[in-house]
Amino acid sequence: MKYVELKNSLKSGHKNAYLITGDDRFLCYDALSKIEDSISIQIKDMNSVSISGDGVSAKEIVEAANIYPFGDEFRLVVVKDFNPKKNEEEFNRIQNYLSAPLNSTILVFFNLSGSEFFNGMKGLEVVDCSKLDAAHIKMYIKNNLAKNEIMASEDAIDKLIMFSSFDMTKIVSELEKLSAYVADSKQLTSEIVEEFVVQDNDFKVFELAEFLAKGDAVNAFKLIDSFMFKPGSAFMILSPLYNNYRRVLFAAINREKTNQELAELLGIKEYAIKMLGNQVKAFSPKTLKIIVDMLGDLDYKIKAGEIKENIAIKLAATNILNLRGKNE
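Residues numbered from 1 in each chain as written. Predicted model: local features only at pLDDT ≥ 70, side-chain atom pairs only at ≥ 80, totals over all residues. Heavy atoms only, no water.

Take the overall build of the protein chain next. For the protein chain, the helix and strand inventory stands at 17 helices and seven strands. Considered along the principal axes of its C-alpha atoms, the protein chain spans approximately 75 × 55 × 40 Å. Here the contacts in the protein chain between residues at least 6 apart in sequence split such that 78% fall between residues at least 24 apart. Approximately 17300 Å² of the protein chain is accessible, and the part contributed by carbon and sulfur atoms is 50%. Taking the 41 positively charged and 47 negatively charged side chains of the protein chain as two groups, their mean positions are separated by 4 Å. (Helix = DSSP H or I, 4+ residues; strand = E, 2+ residues; numbered from the N terminus. Contact = heavy atoms within 4.5 Å. Areas by Shrake-Rupley, 256 points an atom, 1.4 Å probe, with all protein chains shown as cover. Lys, Arg positive; Asp, Glu negative; His and termini not counted. Charge placed at Lys NZ, Arg CZ, Asp CG, Glu CD.)

Judged by nonpolar contacts, the single largest core of 45 residues is most densely connected at Ile20, Ile35, Val108, Ile141 and Leu188. Those residues in contact with valine 108, other than ones at most four positions away along the chain, are Tyr18, Ile20, Leu32, Ile35, Leu76, Val77, Val78 and Val79. Counting 41 residues, the second-largest nonpolar core is a separate cluster that includes Leu212, Leu223, Phe227 and Ile237. (Core = buried A, V, L, I, M, F, W, Y, C linked by side-chain atoms within 4.5 Å. Buried < 20%, exposed > 50% of the residue type's maximum accessible area, 1.4 Å probe, protein only.)

Quick look at the sheet that holds strand β2 (residues 48-52) now. One open sheet holds the five strands; their spatial order is β2-β3-β4-β1-β5, and the pairing between them is parallel. The sheet is open, and its two edges are formed by β2 and β5 (125-128), each paired on a single side. Between one strand and the next, the sheet's axes are offset by a mean angle of 20 degrees, whatever the strand orientation. Pairing geometry for β2 and strand β3 (residues 75-80), over five bridges, is parallel. In the sheet register, isoleucine 51 faces β3, and the bridge partner there is valine 79. Here helix α2 (residues 25-39) sits on the sheet and contacts β1 (17-21), β3, β4 (105-111) and β5; the angle it forms with β4, its principal contact strand, is near 170 degrees. Packing of helix α4 (residues 58-65) onto the sheet brings it into contact with β2, β3 and β4, and relative to β3 it is tilted by some 160 degrees. (Pairing = 2+ DSSP bridges. Axes fitted to C-alpha atoms, helices over the stretch in contact; angles between N-to-C directions.)

Applying the stated criterion across every chain, the model contains ten aromatic pairs. Between phenylalanine 82 and phenylalanine 118, the aromatic rings sit 6.3 Å apart at their centres with planes inclined by 65 degrees, giving edge-to-face as the arrangement. Placement of the pair is phenylalanine 82 in the loop between β3 and α5 (88-99) and phenylalanine 118 in the loop between β4 and β5, with a sequence separation of 36 residues. Here phenylalanine 82 and phenylalanine 118 have matching classes, each one buried. (Phe/Tyr/Trp six-rings, centres within 6.5 Å; stacked < 30°, edge-to-face > 60°.)

Time to look at the pairing of β3. Of all six residues in β3, five are buried; the element is thus mostly enclosed. Handedness of the β-α-β unit built from β2, α4 and β3 comes out right-handed. Here six bridges tie β3 to β4, and the two strands are oriented parallel to one another. Considered in β4, the bridge of valine 77 is made with leucine 107. Read as a crossover between parallel neighbours, the route from β3 over α5 to β4 is right-handed. (Right-handed = clockwise from strand over helix to strand, strands pointing away.)

Attention shifts here to a negative patch on the surface. Together, Asp133, Glu256, Glu261, Glu264 and Glu270 make up a negatively charged patch on the protein surface. As for its position among the elements, glutamate 270 is in helix α14 (residues 270-275). (Patch = residues over 30% accessible without salt bridge, like charges linked within 9 Å, V, L, I, M, F, W, Y side chains within 5 Å. Salt bridge = Lys/Arg side-chain N within 4 Å of Asp/Glu carboxyl O.)

Along the polypeptide, aspartate 167 turns up in the loop between α7 (154-163) and α8 (168-181). Among buried Asp, Glu, Lys and Arg side chains, aspartate 167 stands out as unpaired, with lysine 131 the closest opposite charge at 4.6 Å. Apart from the residues within four sequence positions on either side, aspartate 167 is in contact with Asp24 and Lys131.

Turning to a nonpolar patch on the surface, a few remarks are in order. On the surface, a cluster of nonpolar side chains totalling about 290 Å² of accessible area is made up of Ile43, Met46 and Phe70. In this fold, phenylalanine 70 is placed in the loop between α4 and β3.

On to the environment of arginine 75, then. Residue placement: arginine 75 occurs in strand β3. Arginine 75 sits in the buried class, given a relative accessible area of 7%. For the pair formed by arginine 75 and glycine 22, sequence separation is 53 residues and the distance between their alpha carbons is 25 Å. Ignoring anything within four residues of it in the chain, the contact list for arginine 75 reads Ile41, Met46, Asn47, Val49, Ala64, Ile67, Tyr68, Pro69, Ser104, Thr105 and Ile106. A polar contact is formed between the side chain of arginine 75 and the backbone oxygen of alanine 64, at a distance of 3.1 Å. (Polar contact = N/O pair within 3.5 Å; in protein donor to acceptor, adjacent residues only side chain to side chain.)

Moving on, we get to the environment of valine 77. If you trace the backbone, valine 77 turns up in strand β3. With relative accessibility at 0%, the residue valine 77 sits in the buried group. Counting along the chain gives 143 residues from valine 77 to alanine 220, while the straight-line C-alpha distance between them is 52 Å. Setting aside chain neighbours within four positions, we find valine 77 in contact with Val49, Ile51, Ala64, Ala65, Thr105, Ile106, Leu107 and Val108.

Function-wise, these values are silent; they only describe arrangement.
Here it is in structure tokens:
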């Protein structure tokens, strides 16, 4: 199930085993908290157990799960980051337990860094904590601000989401800071968001690509200069920029597909596909292929020591602007 479905699911009853995993750490921890709160364990020393997955065996996990609670209805067993190399014996031991679990035990596998071991396992409710879409994040932001009687423009909320690259951990942190700043005025504007929210690197790369798509050389190079290069920092820009243009190329050669279909094929949010629209319009598929190959070549030359990082990113921007001019 998706993270947003967990709350209602818990109202209908608990599953005997969960796997919490996904790329948004805030959602992962919040999902775990929701499960913990719904169980309402009173004697936590006896009935709430946390096990580190590093070095623990399936036998130890099953043994911990096969203990009845004392003085509570449920016993919670949380196993953190258990994702060993696929081992049939280990897999089968956990699968056998899940086939006939102890009903008074809620077993939760909490995996922030991968869950390949559990592929194909039955009796395990997976809670997908991937980044939320824009609609659900907007709802969260509006509800959070409403608790403090703060009004916000749609543009301010959109910028907060984009500057944070849909990451709820960052959004929650920024909301706390912004709410304190506008505690008296009760008005959150896009200008305040621009002034106080540090833009995520992925958004900066997107913004650079947008300037290049518009042929806005002045702002493109201002943004590049603002990155404050340090050794290795070009990879933080060049690699995401390369990935950006690969996605744009894919979207350009698959124009017949819907945004939802493209998002599923690329493994990104539908909103991110919509954001690429201007770039798809600005370049032909042929030009995009040239850009992708050029960025890949520059990446190789940096690693080979044939070109300086600062020069490479500025050369990339210059070449893309020139290609855009020829594309018109």
